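Secondary and tertiary structure notes
Take a look at the letters that make up each chain.
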Amino acid sequence: MRTALLLACMLAGCAARAPLPEMLPLAVPCISSRPAAPSLPVVPSMGIYPQVQALLARDKLRAAYEQELEALVDACAGGSS
């Protein structure tokens, strides 16, 4: 009798616990090809204003390229930073 009561209490204790959700890692497909680097404009040797315009254009192209690379890395990592 005592063994049956102990077994019933043990089974009731196991049934009362909710099962924990199982977390499985998922493979995230990454883009394997690297985007082509932009061709940067040549900085002219004379004239401060054309030089500044060319340098600003180069900076904008570089920043856009870096942003594209970061987006690809974030997509492979599965999160955003």
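Structural data are supplied above this passage.
These lines cover the structure that appears in this document, whether it is placed above or below.

Here the focus is the overall build of the protein. Counting secondary structure elements, the protein contains two helices and zero strands. Looking at the protein as a whole, 4% of its 81 residues are labelled buried. Looking at the protein alone, contacts between residues at least 24 apart form 42% of all its contacts between residues at least 6 apart. When the accessible area of the protein is evaluated, it comes to approximately 7500 Å², of which 67% is carbon and sulfur surface.

Per the counting criterion, the structure on display carries two salt bridges. The salt bridge involving E66 is made with R62; its shortest N-O contact spans 2.7 Å. Of the two residues, E66 and R62 are both situated in helix 2 (residues 48-77); the distance of four residues between them amounts to about one turn of the helix. On the basis of relative accessibility, which here comes to 39%, the residue E66 falls in the partly exposed class. With relative accessibility at 38%, the residue R62 sits in the partly exposed group.

A surface patch of nonpolar side chains, amounting to about 460 Å² of accessible area, comprises I48, Y49, V52 and L56. Looking at where I48 falls in the secondary structure, it is placed in helix 2.

On to the environment of A54. By the secondary structure assignment, A54 is in helix 2. A54 sits in the buried class, given a relative accessible area of 9%. What A54 contacts, discounting residues up to four positions off in sequence, is P41, V42, V43 and P44.

Glancing now at the environment of P38. For P38, the position within the fold is in the loop between helix 1 (2-16) and helix 2. Measuring from C-alpha to C-alpha, the distance between P38 and Y65 comes to 7.2 Å, with 27 residues separating the pair along the chain. Beyond its immediate sequence surroundings of up to four residues, P38 is in contact with L61 and Y65.

Mapped onto the elements of the fold, R58 is located in helix 2. R58 sits in the partly exposed class, given a relative accessible area of 29%.

Reading the values: the criteria
Along each chain, numbering runs from 1 in the same order as the chain's sequence is written. For this predicted model, a pLDDT threshold of at least 70 governs which residues receive local features, and a threshold of 80 or more governs which side-chain atom pairs are given and counted, while totals over whole chains, interfaces and linings are taken from all residues. Note that water and hydrogens are dropped before the side-chain values are worked out from all heavy atoms of the structure. In this description a helix means any DSSP run of H or I spanning at least four residues, a strand means any run of E spanning at least two, and both kinds are numbered starting from the N terminus. With a 1.4 Å probe rolled over the protein chains alone, any residue whose accessible area is under 20% of its type maximum counts as buried; one over 50% counts as exposed, and the rest are partly exposed. The contact rule is simple, with two residues in contact once any of their heavy atoms fall within 4.5 Å. Note that accessible areas follow from Shrake-Rupley with a 1.4 Å probe, and for residues the cover is restricted to the protein chains shown. The term salt bridge refers to a side-chain nitrogen of Lys or Arg lying within 4 Å of a carboxyl oxygen of Asp or Glu. Residues form patches when they are more than 30% accessible in relative terms and have no salt bridge. Like charges link within 9 Å. Nonpolar side chains (Val, Leu, Ile, Met, Phe, Trp, Tyr) link within 5 Å.

By themselves, these figures tell us nothing about what the structure is for.
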